[in-house]
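Given next are the chains, with one letter for each unit.
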Amino acid sequence: DAMKKMKLSHPKLPLGRVIGIEPWKGVPGKARRVRWDLTGVEGLYRYGGDGGKFDIVHVEVNDKCTRITKRHPHDETSEQCAIRHGFGIARKFNVILRLRKSEVRCNVIDGVKEHLCEGILEWPDFGAGIKVTCRFYEDGAITLTEERLLFGSQDSGWEPRFGQPSFVPGTTITLSTTGSFLNPSIKDNDVSGECTIAHSDFEELLGSTSHLVESLRDRANGNKLRVSSEMRLVRSKLFSIDDDEGVSSSLPPLSFDADWHAPCMSLSEDKRTVTCTSAEGRSSAFLSSGFTKGIHYWEVKIDQAEVGSVYIGVAEKPKSYPYSNISIENRPRLNRWHGWGFVNFRATYNEGTERVYGSHCHAGDIVGVLLDCDSGRLSFFYDGVKYGEHILNDLGCAFE
């Protein structure tokens, strides 16, 4: 009976106290220096290092240090944070390269002639523009070097590209011509009656680059993560760095984004035509290219539509994963009209609000869109036939 009344003593837990936060393999803050209470020995342990591994855990104990009263979850690692912001999966972004041809310089190195020109590489998906130095070679190749950020966020939002929130200058990529840019919208019928894709008036340049992310590690082996990227530029065959008129050569055609359209909308092979395959309601499809600066104009032709069924305008594309990679419950709602636009029953539309504007548009008519990003103005134009007469009309400012 006396033995039953005796209480067994519980040994003290192997506890330690953090006395310092230190780097782990060159990454700041990914290790903790701990002094153990029972032995007084100090040691350095991973706390998010090597790609998110933890050798110790933060706990709270009772007064006698014999029982854990609370176990704290591990902090979010840099790798988890980067993944949450879109890093680690294949992404596609569209860029616009603008050149300042008034500042072209010509150099001859070892008998090889090259032209240097400054420009702006615009990344609409990031709302940013980067100053770049371009080298043009005689064989048509171009080397782009990103110097500094001209506009956009410097310290946030760059995880999908760099694996860290802040912009990283210095990226260099050399692009070489791959031949004519194939335009599937231009087709010729051969003798057999099959359609063949013809060469267009544009050529494509292709290049690739890679870099190591300083703050991220591979969980499998603890090594730095390498990010590889590929860049494709399309330019007119009439472009010439020596000719000032080349800057006014025609631009590549716009196309719809295969990743950002409602499920009830289908795209043509060249992704320049969108068709609504269901009458369930309003739906949206985004273009692949966006704009953040300057004045831009494009046209949309209505092939077939009923009055009040076509909505043409501008909207901010959701900053997230490609639409097809998002779970259904987390997908942005593309089954409605976004942003600011013009409806083909003589009205403007924005978030459920309509007002009288413009004129009715029917099959065969063309609607022009003028977007002034600098002054925040959106205007529309009408090109069509009314009462048997061809009319080209400026509908005026729709939103300002």
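Since the model is a prediction, treat every value here as computed from it, not as a measurement.

## Thoughts on the layout of surface pockets
Move 1: Put simply, the second largest pocket is a space of about 520 Å³.
Move 2: Lining the second largest pocket are 20 residues, and of these Leu 15, Gly 16, Val 57, His 58 and Val 59 lie nearest its centre.
Move 3: Among the secondary structure elements, those contributing two or more residues to the lining of the second largest pocket are strand S1 (16-24), strand S2 (27-36), strand S5 (59-61) and strand S6 (68-71).

## Description of the confidence of the model for the protein
Move 1: Chain-level pLDDT for the protein is 84 on average; 86% of the residues reach the 70-or-more range.
Move 2: For the stretch residues 183-199, pLDDT sits under 50, and the model shows 28 contacts to residues farther than four places along the chain or on other chains.

## Looking at the packing of aromatic side chains
Move 1: Under the definition given, this model contains 17 aromatic pairs.
Move 2: An angle of 80° between the planes, with centres 5.7 Å apart, marks the rings of Phe 162 and Phe 167 as edge-to-face.
Move 3: Phe 167 gets classed as buried once you look at its relative accessible area, which sits at 5%.
Move 4: Ring geometry for Tyr 357 versus Phe 380: centroids 6.2 Å apart, planes at 70°, classification edge-to-face. Placement of Tyr 357 in strand S23 (residues 353-360) and of Phe 380 in strand S25 (residues 377-386) is noted, with a sequence separation of 23 residues between them.
Move 5: Put simply, the rings of Phe 93, Trp 123, Phe 126, Trp 158, Phe 162 and Phe 167 pair up and form one aromatic cluster.
Move 6: Sitting over the face of the ring of Trp 337, Arg 282 holds its NZ or CZ atom 4.1 Å from the ring centroid.
Move 7: A cation over a ring is seen here: Lys 293 above Phe 151, with NZ or CZ 5.0 Å from the ring centre.

## Some points on empty space enclosed by the protein
Empty space among the atoms can be located by rolling a probe the size of a water molecule over them.
Move 1: Inspection of every chain in the model, using the stated rule, returns one cavity of 30 Å³ or more.
Move 2: Taken as a whole, the largest cavity spans an internal volume of roughly 40 Å³.
Move 3: Lining the largest cavity are Trp 24, Val 27, Lys 30, Gly 48, Gly 49, Asp 50, Gly 51, Glu 79, Ser 215 and Arg 217.
Move 4: Only S2, helix H2 (49-52) and strand S13 (195-217) provide two or more residues apiece to the lining of the largest cavity.
Move 5: With three residues, H2 is the largest single contributor of residues to the lining of the largest cavity.
Move 6: Its residues placed into classes, the lining of the largest cavity shows two nonpolar, four polar and four charged.

## What about the sheet that holds strand S24 (residues 366-372)?
Move 1: Read from one edge of the open sheet, four strands run S19-S24-S25-S26, paired in antiparallel fashion. Looking at strand neighbours, the two that pair on one side only are strand S19 (295-301) and strand S26 (389-399), the edges of this open sheet. The mean inter-strand angle of the sheet, taken between neighbouring strand axes irrespective of direction, is 15°.
Move 2: Sheet topology note: the S24/S25 ladder contains seven bridges and is antiparallel.

## Some remarks on the side chain of Asn 62
Move 1: With respect to the helices, strands and loops of the structure, Asn 62 is situated in the loop between S5 and S6.
Move 2: Looking at Asn 62, its side chain comes within polar contact range of the main-chain nitrogen of Cys 65, at 2.9 Å.
Move 3: Residues in contact with Asn 62, not counting those within four places in the same chain, are Arg 67 and Thr 69.

## Comments concerning the sheet that holds strand S22 (residues 345-350)
Move 1: Strand order in the open sheet made by the four strands is S20-S21-S22-S23, with antiparallel pairing throughout. Two strands in the sheet have a free side with no partner beyond their single neighbour: strand S20 (311-314) and S23. Taking each pair of neighbouring strands and ignoring which way they run, the sheet shows an average axis angle of 25°.
Move 2: Bridge analysis of S20 against strand S21 (residues 340-343) gives four bridges, and the strand direction is antiparallel. Along S21, the bridge assignment pairs Gly 313 with Gly 341.

## Topic: the nonpolar core
Move 1: If you look at the biggest cluster of nonpolar residues, it comprises 21 residues, and the most contacted ones within it are Ile 130, Leu 144, Trp 158, Leu 175 and Met 231.
Move 2: Those elements giving two or more residues to this core turn out to be strand S9 (112-123), strand S10 (128-137), strand S11 (142-151), strand S12 (172-189) and strand S14 (224-236).
Move 3: The residues contacting Ile 130, other than those within four sequence positions of it, are Gly 119, Ile 120, Leu 121, Trp 123, Glu 146, Glu 147, Arg 148, Leu 149, Leu 150, Trp 158, Arg 161 and Phe 167.
Move 4: If you look at the next biggest cluster of nonpolar residues, it comprises 17 residues, including Trp 298, Tyr 357, Val 367 and Phe 399.

## Observations concerning the pairing of S1
Move 1: Direction of pairing for S1 relative to S2: antiparallel, over a ladder of seven bridges. Bridging from a neighbouring strand, Arg 17 pairs with Arg 35 of S2.
Move 2: Joining the antiparallel neighbours S1 and S2 is a turn of two residues, in which Lys 25 adopts a positive phi near 55°.

## Things to note about the pattern of salt bridges
Move 1: In this structure the tally under the stated criterion is 19 salt bridges.
Move 2: Between Arg 46 and Asp 55 there is a salt bridge, and its shortest N-O distance comes to 2.9 Å.
Move 3: Judged by relative accessible area, Arg 46 falls into the buried class, the value being 19%.
Move 4: The closest approach of N and O atoms between Glu 146 and Arg 161, which form a salt bridge, is 2.7 Å. A residue pair is termed long-range when its members are at least 10 positions apart, and Glu 146 in strand S11 and Arg 161 in helix H4 (residues 159-162) qualify at 15 residues.
Move 5: Overall, the relative accessible area of 3% leaves Glu 146 in the buried class.
Move 6: Exposure remark for Arg 161: the relative accessible area of 14% places this residue in the buried category.
Move 7: When salt bridges with common partners are traced through the structure, they connect Lys 25, Arg 46, Asp 50 and Asp 55 into a single cluster.

What counts, and where the lines are drawn
- Residues numbered from 1 in each chain as written.
- Predicted model: local features only at pLDDT ≥ 70, side-chain atom pairs only at ≥ 80, totals over all residues.
- Heavy atoms only, no water.
- 1 Å grid on protein atoms, 1.4 Å probe; cavity = no way out; pocket = protein on both sides within 12 Å on 5 of 7 lines; lining within 4 Å.
- Points joined across faces, edges and corners; volume = space filled by probe spheres on them.
- Helix = DSSP H or I, 4+ residues; strand = E, 2+ residues; numbered from the N terminus.
- pLDDT = per-residue confidence, 0-100.
- Contact = heavy atoms within 4.5 Å.
- Phe/Tyr/Trp six-rings, centres within 6.5 Å; stacked < 30°, edge-to-face > 60°.
- Buried < 20%, exposed > 50% of the residue type's maximum accessible area, 1.4 Å probe, protein only.
- Lys NZ or Arg CZ within 6 Å of the ring centre and 35° of its normal.
- Nonpolar A, V, L, I, M, F, W, Y, C, P; charged D, E, K, R; others polar.
- Pairing = 2+ DSSP bridges.
- Axes fitted to C-alpha atoms, helices over the stretch in contact; angles between N-to-C directions.
- Polar contact = N/O pair within 3.5 Å; in protein donor to acceptor, adjacent residues only side chain to side chain.
- Core = buried A, V, L, I, M, F, W, Y, C linked by side-chain atoms within 4.5 Å.
- Salt bridge = Lys/Arg side-chain N within 4 Å of Asp/Glu carboxyl O.

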